[in-house]
Amino acid sequence: MNNTIVNKAADNIRILSASMVEKAKSGHPGGAMGGADFINILYTEFLNYDPSDMAWPFRDRFFLDPGHMSPMLYSQLTLTGNFSIEDIKGFRQWGSPTPGHPEVDAKRGIENTSGPLGQGHVMGIGAAIAAKFLAARFGHWMDHKIYSFISDGGVQEEISQAAGRIAGTLGLDNFIMFYDSNDIQLSTETWEVTVENTEMKYKAWGWEVFTIEGNNPDAIREALTKANAVTGKPVIIIGKTIMGKGALDASGNSFERKCATHGMPLGEAGASFEKSIANLGGNPEDPFQIFPEVSEYYAKIREKKIKAAAEKKKAYAEWVKANPGLAAKLETFLSGKTPVIDYSKIEQKPGQATRAASATVLGFFAKNVENMIVTSADLSNSDKTDGFLKNTKAFRKGDFSGAFLQAGVSELTMAAIANGIALHGGVIVAAATFFVFSDYMKPALRLSALMQLPVKFIWTHDAFRVGEDGPTHQPVEQEAQLRLMEQLKNHHGQNSTLVLRPADVNETTVAWKMAMENTDTPSALILSRQNIVDIPVKDGSTRYQDALEAEKGAYIAKDCKGTPDVILVANGSEVATLLAGAEKLTAEKGLKVRIVSAISEGLFRNQPAEYQKSILDPTIPTFGLTAGLPVTLKGLVGPFGKVFGMESFGFSAPFKVLDEKLGFSADNVFNQVVSYLADFKK
């Protein structure tokens, strides 16, 4: 093939990328200039998508890992018509659709939010899993590829190790990754921080590996052709590229392969922006131009892509006619709508741990929600996701007919994979581990919240009652951290995360109902290891009906006649402790006590002020009990309230001993409340 126009288009991407950064006086031009050749050939010759329908569900997808290389992606998508010249001129500016790191917008061709290195390509692996899952149910007519682009930093981030293992183990032959190996990092050359053999590493994980000259269009084309023919393995193409390709200094000498161009505009890095743009064939006086011949070339590509997609859509329409039942099911899956479930039919065994109650719900889902994937970090028999697994089977290489992913011990990777599954669409995903290990997952949870993905996070062993395992396994500060995510708003003004800690088995059912019906943000279910005494049923009701009140975030679990002398508030396991303490307060002190179960403060604060006051009247003394940091409930008890909680790490001992030693007992609730009320009256 004649590469004249191909090289011209790649140079156009380089010019636009460098110009964006120069105009913004901020950004990363060097990597974008080096990666331009690959992304240009990928989008013109290999990526199957519909430029007139970018969200077409059966499109190939491109997941960018190094979000700092956004100028490359924005430039590419400008050539395809998804962004205007004015859009890219506003790079990194307020209100612009071209922020410093890409933010998911499938209709514009941005498949994932990226920035924290390593997570972007793992989301791509999640999307590849989702694609395999759907094809196993509806047929290989829908097969499509997931392409990803990773940098030296992404390969070095620890998340890439588990991602490589999982993708290789599953044989994800629909996943092709380009490694932009330019040997230059932000502050060092790569040889200063790593001597590993990346090719051998990926081969050891079961990947097919091609190493090429990454700026050579013929080599890129050949590698992508081979990669698309590989079966049974994911593919990594290691492209040896040139950082800052085409950059010159003021004397006209090469300014390529410099750390400086990694993270600052060419003009600030020591290069000459003007000479670099001229060297690439552009006009330094007006660099934001698409060359006429490149514009014509991409117009033809656009027509070709639309025509090819139309043929696939025609084949899909024929499949729909031949398979109306399957087609209706697929349409439901792709709609992202909440499955219609009668949660009242889920029978819970009283007095169980909430993790066991969750297993009951998950078992029901396995039989009734056909588009759900559950994954666990080597803990399915402890976090009780085996309630789901017992009714399906785990994924295996070449077999995605099951619905469970055994992720191994890799919490962050598992969470990023879950994000990728959600980004792909058509699948509901839940990811589970111990609550203390949510610390490993916060970066992915944050991106999940930022992208508004309805991932369900299951965190069990919710407090010091893990017992003998000791302080390393006993969460204390974790709930307070998660509750901050309820206070943090996403860009649509919603609580960024729905955090739910149910107080008994039926609240667990309701928590799952809330999580499944929450299609706008991630949800977190925080569940107990130990059995919990159920909240008493109100007269003329059922416990499930009572627990439905939790959908408002907080409700009166047990009330008194008349105005309470004190309100006791908690969530999770501590509600049962308050109930026991309240009996003692009433019997021995004659106090009128209200018990409030507050499964989600964020959701509660979204309710009308009248409702909030009817549950937690700020004029009434309020006492909170939490197995986390006292600050967890500070917002609920108010400025004059008191919270008893954990102010240190836990200890290794049986949980009943810990309850007694640490003050989580009816007797201590009694003592704390009596003391608090005495001080309150003063």
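Residues numbered from 1 in each chain as written. Predicted model: local features only at pLDDT ≥ 70, side-chain atom pairs only at ≥ 80, totals over all residues. Heavy atoms only, no water.

Draft legend 1. Region of interest: the nonpolar core. With 149 residues, the main nonpolar core has I129, L172, F365, M372, W512, L568 and I595 as its most contacted residues. A per-element tally of this core places helix α5 (residues 119–138) first, with 11 residues. Core analysis: the next-biggest nonpolar cluster, separate from the first, contains 61 residues, M69, I220, A223 and F291 among them. (Core = buried A, V, L, I, M, F, W, Y, C linked by side-chain atoms within 4.5 Å. Buried < 20%, exposed > 50% of the residue type's maximum accessible area, 1.4 Å probe, protein only. Helix = DSSP H or I, 4+ residues; strand = E, 2+ residues; numbered from the N terminus.)

Draft legend 2. Here's a closer look at helix α13 (residues 324–335). Taking 1.5 Å per residue, 12 residues should reach 16 Å; α13 reaches 16 Å between its end C-alpha atoms and fits that length. Residues A327, L330 and F333 constitute the buried set of α13. Buried residues of α13, seen end-on, are gathered within an arc of 120 degrees and therefore sit on one face of the element. Opposite the buried face of α13, at more than 90 degrees from it, the exposed residues are P324 and G325. Structurally, α13 contributes buried residues whose contacts are with α5 and α12 (292–322). Immediately beyond the C-terminal end of α13, within one or two residues, lies G336, with a positive phi of roughly 75 degrees. (Expected span 1.5 Å × (residues − 1). Arc of directions from axis to C-beta. Contact = heavy atoms within 4.5 Å.)

Draft legend 3. Structural view of the packing of aromatic side chains. Within the structure shown, the criterion is met by 30 aromatic pairs. Their ring planes at 85 degrees and their centres at 5.4 Å tell us that F365 and W512 sit as a pair that is edge-to-face. With F365 in helix α14 (residues 354–368) and W512 in helix α19 (residues 505–517), this pair connects stretches of sequence that are 147 residues apart. The same class applies to F365 as to W512, namely buried. An angle of 50 degrees between the planes, with centres 4.9 Å apart, marks the rings of F464 and F664 as tilted. Of this pair, F464 sits in the loop between β9 (456–460) and α18 (478–487) while F664 sits in the loop between α25 (655–662) and α26 (666–681), and the two are 200 residues apart along the sequence. The pair F464 / F664 is uniform in exposure class, with both members buried. An aromatic cluster is built from F58, F138, W141, Y316, W319 and F333, whose rings are joined through pairwise contacts. The residue whose ring lies beneath R137 is F133, and the NZ or CZ to ring-centre distance is 3.6 Å. (Phe/Tyr/Trp six-rings, centres within 6.5 Å; stacked < 30°, edge-to-face > 60°. Lys NZ or Arg CZ within 6 Å of the ring centre and 35° of its normal.)

Draft legend 4. Region of the structure containing the sheet that holds strand β10 (residues 498–500). Read across the open sheet, the six strands follow the order β7-β6-β8-β9-β11-β10; overall the sheet is parallel. Because the sheet does not close on itself, it has two edges, and the strands there are β7 (404–406) and β10. The mean angle between the axes of side-by-side strands here comes to 15 degrees, regardless of whether they run parallel or antiparallel. Pairing of β10 with strand β11 (residues 523–526) involves three bridges; the strand directions are parallel. Bridged to L500 within β11 is L525. Against the sheet, helix α16 (residues 411–424) contacts β6 (372–376), β7, β8 (428–434) and β9, and its axis sits at roughly 170 degrees relative to β8. (Pairing = 2+ DSSP bridges. Axes fitted to C-alpha atoms, helices over the stretch in contact; angles between N-to-C directions.)

Draft legend 5. Fine view of unusual backbone geometry. We note that K25 has phi near 60 degrees; this positive angle belongs to a residue other than glycine. Along the polypeptide, K25 turns up in the loop between α1 (4–24) and α2 (29–46). Positive phi is not limited to glycine here, since D183 has a value of about 65 degrees. Overall, the relative accessible area of 31% leaves D183 in the partly exposed class.

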